[in-house]
Amino acid sequence: MKGIFRRKDPRSSHHDPRSNRARLTPAVGPDRIQDYSHKSPRLISDKFTSSALGHNMPNISIPDPPDPRSHPAAYLRSIHAVRQRTRLVLDEAKGNALYHFDVDLSKFKDTADYVVAIIKRDFQGNYASIPPHGRWQHFEVGGRPRVTQLLQSWPNSVDNQERTRRLIDLFLVSVLLDAGAGTKWSYKSKESGKVYNRSEGLAVASLEMFKTGAFSSDPNQPHQVDAAGLQKVTTDTLAKGMQVTEANPMSGLEGRAGLLVRLGKALQNAEIFGHDGRPGNMIDYLLSHPTTQAASVPIILMPTLWSVLMDGLSSIWPATRTNIKGTPLGDAWPCQAMPKSPPAHPWETIVPFHKLTQWLCYSLMVPMTKLLNVHFAGEDLMTGLPEYRNGGLLVDTGLLTLKEGDRQRGLKNYHQMVGDGNAVEVVPTFEPSDDVIVEWRAATVGFLDELLAAVNKGLGLEASEQLTLAQMLEAGTWKGGREIAKVSRPITGGPPIGIISDGTVF
């Protein structure tokens with residue numbers, strides 16, 4: 001059914017579903033997302049983060065966030081606020097004082113050890129080769145270097161700056177289409193005939209739509225995304241491109257189509273996106289921005305990129321979400337677990353996540369770095385992504401357990417949505433705004449920071465050898481969350497808690 005991730009009802013099983021938590025040994029020989037094993041000769045840099053500059057990285061001051069007392073909406077929309085606000089929920093979690101989850105800190109080591117084992121299995125002896133979490137890898141599912149092949153299909157007359165623009169066009173649309181598709185949807189590649197689902201299926205589908213000019217208004221240049229091209233997207237055209245039918249349903253299809261249409265309107269900001277309204281034109285804006293440093297390579301401040309995406313695209317998010325005095329906050333929600341002192345102002349109850357904006361940052365930074373040798377100052381402001389694979393890992397390893405009253409309420413939600421006759425691997429299910437989901441996501445962001453330190457220690461990595469958070473997300477928690485879900489719920493491979501997706505959050 002639409003928007004539901006499902007698992008077997010524990011009561012219908014002959015074994016305790018929590019017994020899977022003891023099975024924290026990674027599978028051998030999984031269908032892995034490939035790394036950058038195929039590189040175009042036009043790629044300038046194979047380094048993925050600003051650490052590539054090493055000791056040559058200049059000391060760059062990062063602007064402070066807005067003062068929440070005088071500018072609460074601007075503060076909650078900042079990248080700084082995500083870690084600062086979720087940290088408060090993590091503190092509650094460490095004291096086992098959450099409203100909806102029991103926290104068993106004795107399981108933290110099991111979770112970290114599982115992530116370490118996943119990374120050792122796939123990268124032992126070559127941890128430096130782990131790419132950062134980003135959309136590029138999803139395009140290369142099955143070992144096919146689709147992005148490199150796309151680059152090689154363009155004539156030599158297309159310079160690296162235009163190549164980067166085109167990849168940003170593609171990546172931005174693909175990321176915005178990357179909210180959870182549900183457990184029943186899949187996509188059969190028109191080029192290879194292979195079938196993919198979830199994030200990789202959405203990546204391949206969006207790439208093949210891009211190559212046919214589905215998002216371009218210029219018939220002479222199909223390989224671009226522009227404002228006019230997005231205005232022609234409808235639910236029907238998106239359904240056709242994504243192969244959505246009654247037998248192959250996708251969660252939040254209407255929400256995705258609406259998001260792309262609103263994106264087309266947002267791209268009409270000529271200062272950032274040029275007169276033709278292309279996402280890739282942000283390159284020109286960023287490189288000429290007064291905060292961009294001209295060192296041995298261009299260095300863009302992370303808050304500058306964040307502002308382009310957060311402010312430049314603010315109108316694409318549903319207006320019905322949390323707002324302060326009419327200013328929409330995007331992916332930010334009230335949370336009961338925020339400390340009660342009591343809060344002096346309404347903003348103090350709100351936890352921001354901005355998951356898709358962060359996913360955009362992680363994803364867009366890669367082509368900028370690889371093709372133009374751009375580096376970014378302040379990458380450590382980014383957090384782990386509060387989505388169901390990272391959060392599901394914490395539940396499936398026993399670190400977080402949904403309280404019984406909420407579990408029963410979530411199961412009732414599930415059965416009301418799908419009906420008993422369609423029940424498969426039943427999971428407690430909630431709306432994205434439900435306090436259960438908000439608390440789960442906040443705890444997830446906090447524990448991912450804790451896991452990074454434990455995972456680096458478990459891998460024996462010190463100083464400059466340590467994995468970045470983006471590398472741990474890619475090779476460890478995101479991948480590990482997916483693998484343990486397949487063990488715990490082998491029919492759907494879905495998360496332990498269901499989210500009723502509108503196509504714009506997960």
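None of the values given here were measured: they were computed from a predicted structure.

Conventions and cut-offs
- Each chain has its residues counted from 1, following the order in which its sequence is written.
- The predicted nature of this model means local features are confined to residues of pLDDT at least 70 and side-chain atom pairs, given and counted, to a pLDDT of 80 or more, with totals for whole chains, interfaces and linings taken over all residues.
- To obtain the side-chain values, all non-hydrogen atoms of the structure were used and water was disregarded.
- Numbering of helices and strands starts at the N terminus; helices are DSSP runs of H or I of at least 4 residues and strands are runs of E of at least 2.
- Only protein chains enter the area calculation, which uses a 1.4 Å probe; residues under 20% of their type maximum are buried, those over 50% are exposed, and those in between are partly exposed.
- The contact definition used throughout considers only heavy atoms, calling two residues in contact when any of these lie within 4.5 Å.
- Counting of polar contacts relies on pairs of N or O atoms within 3.5 Å, with two restrictions inside protein: one atom must be capable of donating a hydrogen and the other of accepting it, and residues adjacent in sequence are counted only when both atoms are side-chain atoms.
- Each residue is assigned a bend, namely the angle between axes fitted to the seven residues that terminate at it and the seven residues that start at it.
- Between the rings of Phe, Tyr and Trp (Trp by its six-membered ring), a pair exists once the centres lie within 6.5 Å; its type follows the angle of the planes, with under 30 degrees stacked, over 60 edge-to-face, and the other angles tilted.
- Criterion for a charge above a ring: Arg CZ or Lys NZ at most 6 Å from the ring centre, at most 35 degrees from the ring normal.
- Pairing between two strands requires that DSSP report at least two bridges joining them.
- Only C-alpha atoms enter the line fits that serve as axes; for helices the fit covers just the stretch in contact. Angles between N-to-C directions range over 0 to 180 degrees.
- Salt bridge, as applied in this entry: a Lys or Arg side-chain nitrogen positioned within 4 Å of an Asp or Glu carboxyl oxygen.
- Buried Ala, Val, Leu, Ile, Met, Phe, Trp, Tyr and Cys residues form a nonpolar core when they are joined through side-chain atoms within 4.5 Å.
- Between 65 and 115 degrees an angle is taken as roughly perpendicular, under 35 as roughly parallel, over 145 as roughly antiparallel, and anywhere else as oblique.
- The sense of a crossing depends on the near helix, which, turned anticlockwise from the far helix by less than a right angle, makes the crossing left-handed and, turned clockwise, makes it right-handed.
- When residues are sorted by character, Ala, Val, Leu, Ile, Met, Phe, Trp, Tyr, Cys and Pro go into the nonpolar class, Asp, Glu, Lys and Arg into the charged class, and all the rest, Gly among them, into the polar class.
- Confidence of the predictor at the level of single residues is given by pLDDT, which spans 0 to 100.

Asks: How should the overall build of the protein chain be read in this particular structure?
Replies: The helix and strand tally for the protein chain stands at 18 helices and 13 strands. Expressed as a percentage of its 506 residues, the buried residues of the protein chain come to 61%. In the protein chain, 76% of the contacts between residues at least 6 apart in sequence involve partners at least 24 apart.

Asks: How should the side chain of threonine 477 be read in this particular structure?
Replies: Here threonine 477 lies in helix α18 (residues 469–488). Take threonine 477: its relative accessible area is 0%, and that puts it in the buried class. Setting aside residues no more than four positions away along its own chain, threonine 477 makes contact with Val115, Arg389, Asn390, Leu393, Leu448, Leu451 and Met472.

Asks: Honestly, the side chain of serine 199 in this entry has me stumped. Any pointers?
Replies: As for its placement among the helices and strands, serine 199 is situated in helix α7 (residues 198–211). Classification of serine 199 by relative accessible area gives buried; the value is 3%. Polar side-chain contacts of serine 199 include one of 3.2 Å to the side chain of arginine 389. Each residue touching serine 199, except ones within four places of it in the same chain, is listed here: Arg135, His138, Asp178, Arg389, Trp478 and Arg482.

Asks: Looking at this structure, how should I read unusual backbone geometry?
Replies: Only a minority of non-glycine residues have a phi that is not negative, and only a minority of peptide bonds are not trans. With a phi close to 50°, asparagine 96 is a non-glycine residue in the positive phi region. Topologically, asparagine 96 is positioned in the loop between α2 (79–94) and β1 (101–103). Residue classification places asparagine 96 among the partly exposed positions, given a relative accessible area of 40%.

Asks: What is the right way to look at α18 in this model?
Replies: Since there are 3.6 residues in each turn of an α-helix, residues three or four apart along the chain are aligned in direction. The axis of α18 is deflected most strongly, by about 30°, at glycine 480. Here α18 lies mainly inside the structure; 18 of its 20 residues are buried.

Asks: Sorry if this is basic, but what is going on with the packing of aromatic side chains here?
Replies: Each aromatic ring pair is summarised here by two numbers: the centre-to-centre distance and the angle between the ring planes. This model, assessed by the stated rule, comprises 5 aromatic pairs. Among the aromatic residues, those joined into a ring-pair cluster are Trp136, Phe139 and Phe171. Directly above the aromatic system of tryptophan 136 lies the positively charged group of lysine 370, at a separation of 5.3 Å from the ring centroid.

Asks: Help me out: how do you make sense of the sheet that holds strand β10 (residues 375–377) in this one?
Replies: Where strands meet in a sheet, backbone hydrogen bonds hold them as pairs that are either parallel or antiparallel. Pairing in this open sheet of 3 strands is mixed, and the strands run β4-β5-β10 from one edge to the other. A single partner strand is all that each edge strand has here, and the edge strands are β4 (293–294) and β10. Across the sheet, helix α13 (residues 302–312) touches β5 (298–301) and β10, and the angle it forms with β5 is around 60°.

Asks: What should I look at first to understand the environment of glycine 378 in this one?
Replies: For glycine 378, the position within the fold is in the loop between β10 and α15 (388–396). The spatial distance from the C-alpha of glycine 378 to the C-alpha of proline 63 is 9.6 Å, given a sequence separation of 315 residues. Here glycine 378 is in contact with Ile62 and Met302, once residues within four sequence places are set aside.

Asks: What am I meant to see in the pairing of β5 here?
Replies: Where β4 and β5 come together, 2 bridges link them in antiparallel fashion. Its bridge partner being in β5, alanine 294 is matched across the sheet by proline 298. Here β4 folds back onto β5, and the loop between the two strands holds 3 residues. Relative to β10, β5 runs parallel, the two sharing 3 bridges. Bridge pairing links isoleucine 299 to histidine 375 in β10.

Asks: So what exactly am I meant to see when it comes to the pattern of salt bridges here?
Replies: Close approach of charged atoms allows side chains of opposite charge to pair. The tally for this structure, following the rule as stated, stands at 26 salt bridges. Arginine 121 is the salt-bridge partner of aspartate 122, the closest N and O atoms lying 2.7 Å from each other. Using a relative accessible area of 16% as the deciding quantity, one classes aspartate 122 as buried. Judged by relative accessible area, arginine 121 falls into the partly exposed class, the value being 22%. A salt bridge links glutamate 191 to lysine 211; the nearest nitrogen and oxygen atoms lie 2.8 Å apart. Of the two residues, glutamate 191 sits in the loop between β2 (187–188) and β3 (195–196) while lysine 211 sits in helix α7, which places them 20 residues apart along the sequence. Look at the salt bridges and you will find they share partners, linking Glu162, Arg165, Arg166, Asp169, Arg278 and Asp284 into a network.

Asks: Quick question: what am I supposed to make of the environment of glutamate 92 here?
Replies: Tracing the backbone through its elements, the reader meets glutamate 92 in helix α2. With 245 residues separating them along the chain, glutamate 92 and alanine 337 place their C-alpha atoms 7.1 Å apart. The residues touching glutamate 92, leaving out its near neighbours within four places in the chain, are Ala97, Leu98, Ala337 and Pro339.

Asks: Got a minute to help me understand the nonpolar core in this structure?
Replies: Generally speaking, soluble globular proteins have nonpolar side chains that are buried together. Within the largest apolar cluster, 131 residues are counted, with the highest numbers of intra-cluster contacts made by Phe215, Met242, Leu263, Met282, Leu305, Met368 and Phe447. Here this core gets 12 residues from one element, more than from any other, and that element is helix α17 (residues 435–458). Every residue in contact with methionine 282, bar those within four places of it in the chain, is listed here: Ile168, Leu172, Ile272, Phe273, Leu305, Val308, Leu309, Leu364 and Met368. Residues Leu76, Ala81, Ile324 and Trp347 belong to the second largest nonpolar core, which totals 9 residues.

Asks: Just to check I follow, could you spell out the environment of tryptophan 306 for this structure?
Replies: Secondary-structure assignment places tryptophan 306 in helix α13. Contact partners of tryptophan 306, with chain neighbours within four places excluded, come to Arg77, Ser78, Ile79, Asp311, His354, Thr357, Gln358 and Cys361.

Asks: Even after reading the chapter, I still don't get the packing of α13 against helix α14 (residues 355–372), so can you show me in this structure?
Replies: The axes of two packed helices give the description: the angle between them and the distance between them. Two elements in contact, α13 and α14, have axes whose closest approach is 10 Å; the angle formed by their N-to-C orientations is 120°. In terms of orientation, α13 lies oblique with respect to α14. Here α13 runs over α14; the crossing is right-handed. For the pair formed by α13 and α14, the contact residues are Met302, Leu305, Trp306, Leu309 and Met310 on the first element and Thr357, Gln358, Leu360, Cys361, Leu364, Met365 and Met368 on the second. Among the residues forming the contact of α13 with α14, the class breakdown is 10 nonpolar, 2 polar and no charged.

Asks: Just checking my understanding: could you explain the confidence of the model for the protein chain for this structure?
Replies: Keep in mind that low pLDDT regions are not for reading the predicted coordinates in detail. Confidence in the prediction for the protein chain averages 87 pLDDT; 87% of positions are at 70 or higher. Segment residues 1–22: pLDDT under 50, and 69 contacts once partners within four positions in sequence are set aside and those in other chains are kept.

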